[in-house]
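Below, each chain spelled out in residue letters.
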Amino acid sequence: RKRGFIFDLDGVIVDTAKYHFLAWKKLANGIGIDFTEHQNEQLKGVSRIESLKKILKWGKVTLSEADFNKLMAEKNTNYLSYIATMDESEILPGVIKALQYLIDKKQPIALGSASKNSVEILNKVNLLNRFDAIIDGNAVTKAKPDPEVFLKAAQSIHFSPENCIVFEDSVAGIQAANRANMISIGIGEASILNEADVVFKDFTEISTDFLEKLLSV
Ligand code: B16
Ligand code: MG
């Protein structure tokens, strides 16, 4: 039996949160706002524009539209300078094995990410050709927890939502998958991702037996 498998990018396939952190911290500190790892956690799965709005709110800073756009562009230039250093060694443990298992079983695989840099990142880590479809921040108008990104991903691989399985590391992303009526698999802390159907610490905990079971439920 076939299922549609939808992977989030940041936090599931690669750990780009550390680069987002460095770039957001530089931006925030540059306008006199503190920025902690804890705050960075709250930006996971959140779009670039919503992330900057949150940082400004935390720092009680208001900006003109022109300055807002300038800072967003600067943040991305800075972030991309980190992305430029990425290679296959940054793929999170167990991910390639799981992808390869699904490819061998001829299961369609789509990306469902909030990032507008997803193609660039997948290229750097040499995974672009493993995906049948890429739905990312460039293809959607509504950010997670809105289900748009996952519904479009399902459509792009021609699967109905209830036959799709989503791997996600963010609370907003798990909510999006649930709202899309898909099976949600959390990657991270069970206490944080408690709305997911099932949670694993990382892909090394996901056995091929488990993936096989997903094809038969
Ligand atoms: P960009 P995901 C999300 O990716 C990140 O988790 C989030 O921290 C980031 O702000 C967002 O992408 C937008 O990324 O600035 O590259 O467009 O987890 O949905 O793959
Ligand atoms: Mg993520």
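Cut-offs applied
Each chain carries its own residue numbering, running from 1 in the direction its sequence is written. All chains are assigned letters beginning with A, and all ligands numbers beginning with 1, in the order in which they are written. Only residues with pLDDT of at least 70 get local features here, since the model is predicted, and only at 80 or more are side-chain atom pairs given and counted; chain-wide, interface and lining totals rely on the full set of residues. UniProt positions are given in the numbering used here, feature names are shortened, and annotations may be inferred rather than shown by experiment. Paired strands, as defined in this entry, are two strands with at least two bridges between them according to DSSP. Here a helix means four or more residues in a row that DSSP labels H or I, a strand means two or more in a row labelled E, and each is numbered from the N terminus. Axis lines are fitted to C-alpha atoms, over the contacting stretch for helices. Their N-to-C directions set the angle, which ranges from 0 to 180 degrees. Each crossing is labelled by how the near helix is turned from the far one, with a counterclockwise turn of less than a right angle marking it left-handed and a clockwise turn marking it right-handed. Here contacts are defined at the residue level, using C-beta atoms placed from the backbone and a cut-off of 7 Å between them. For the exposure call, what matters is how many other C-beta atoms sit within 10 Å of a residue's own: 20 or more marks it buried, 12 or fewer exposed, and in between partly exposed, using C-beta atoms placed from the backbone. By convention, orient the strands away from the viewer: a clockwise path from the first strand over the helix to the second makes the crossover right-handed. These descriptions rest on fixed angle ranges, namely under 35 degrees for roughly parallel, over 145 for roughly antiparallel, 65 to 115 for roughly perpendicular, and the rest for oblique. Note that Gly is not counted as nonpolar here; it falls among the polar residues with everything else outside the nonpolar set of Ala, Val, Leu, Ile, Met, Phe, Trp, Tyr, Cys and Pro and the charged set of Asp, Glu, Lys and Arg. Remark: nonpolar core denotes a set of buried Ala, Val, Leu, Ile, Met, Phe, Trp, Tyr and Cys residues whose joining runs through C-beta atoms within 7 Å.

Going by the annotation in an unreviewed UniProt entry, the name recorded for the protein is Beta-phosphoglucomutase, with Gaetbulibacter aquiaggeris given as the source organism. Of the protein, the UniProt comment under Sequence similarities (unreviewed entry) reads exactly: "Belongs to the HAD-like hydrolase superfamily. CbbY/CbbZ/Gph/YieH family."

### Brief notes about the sheet that holds strand 1 (residues 4–7)
Pairing is parallel across the open sheet formed by six strands, whose spatial order is 3-2-1-4-5-6. Among the strands making up the open sheet, the edge pair consists of strand 3 (133–135) and strand 6 (198–200). Strand-to-strand twist across the sheet, computed as the mean angle between neighbouring axes with direction ignored, equals 20°. Direction of pairing for strand 5 (residues 183–187) relative to strand 6: parallel, over a ladder of three bridges. Opposite G186, over in strand 6, you have V199 as the bridge partner.

### Structural notes on the packing of helix 1 (residues 17–30) against helix 4 (residues 65–83)
One can describe the packing of helix 1 onto helix 4 by two numbers: an axis separation of 9 Å at closest approach and a directional angle of 145°. Considering the relative orientation of helix 1 and helix 4, their crossing is right-handed. In contact with Y19, H20, L22, A23, W24, K26 and L27 of helix 1, helix 4 contributes L71, E74, K75, N78, Y79, Y82 and I83.

### Focus: unusual backbone geometry
Along the chain, K144 connects to P145 via a cis peptide bond; the corresponding omega equals 15°. Inspection of the secondary structure puts P145 in the loop between strand 3 and helix 7 (148–156). Here K60, not a glycine, exhibits a phi torsion of approximately 50°, which is positive. Even without glycine at this site, H158 takes up a positive phi of about 60°.

### Some points on the pairing of strand 5
Across the five residues that make up strand 5, a large majority, five, are buried. Where burial is concerned, the two faces of strand 5 agree: the one with I183, I185 and I187 and the one with S184 and G186 are both buried. Summarising the sheet, strand 4 (residues 164–168) and strand 5 pair through four bridges and their orientation is parallel. In the strand pairing of strand 5, I165 is matched with I183. With helix 8 (residues 171–179) bridging strand 4 and its parallel neighbour strand 5, the resulting β-α-β unit is right-handed.

### Examining the packing of helix 3 (residues 48–58) against helix 4
Direction vectors running N to C along helix 3 and helix 4 enclose 115°, while the axes themselves pass 11 Å from each other. In terms of axis orientation, helix 3 runs roughly perpendicular to helix 4. Once helix 3 is placed against helix 4, the crossing between them reads as right-handed. When helix 3 is examined against helix 4, the residues R48, I49 and L52 are found in contact with a partner set consisting of F68, L71, M72 and N76. Of the residues in the contact of helix 3 with helix 4, the class split is five nonpolar, one polar and one charged.

### Quick look at the environment of L127
Tracing the backbone through its elements, the reader meets L127 in the loop between helix 6 (118–124) and strand 3. Separated by 31 residues in sequence, L127 and H158 place their C-alpha atoms 21 Å apart. Discounting chain neighbours no more than four positions away, the residues touching L127 are I13, I91 and L122.

### Let's talk about the nonpolar core
Formed by 44 residues in total, the largest nonpolar core has its most connected members in I6, F7, F150, A153, I165, V166 and M182. Broken down by secondary-structure element, the contributors of at least two residues to this core are strand 1, helix 5 (95–104), strand 2 (109–112), helix 6, helix 7, strand 4, helix 8 and strand 5. For this core, the element with the highest residue contribution is helix 7, accounting for five residues. Sequence-distant contacts of A153, that is, excluding residues within four places in its chain, are made with I6, A110, G112, A133 and I135.

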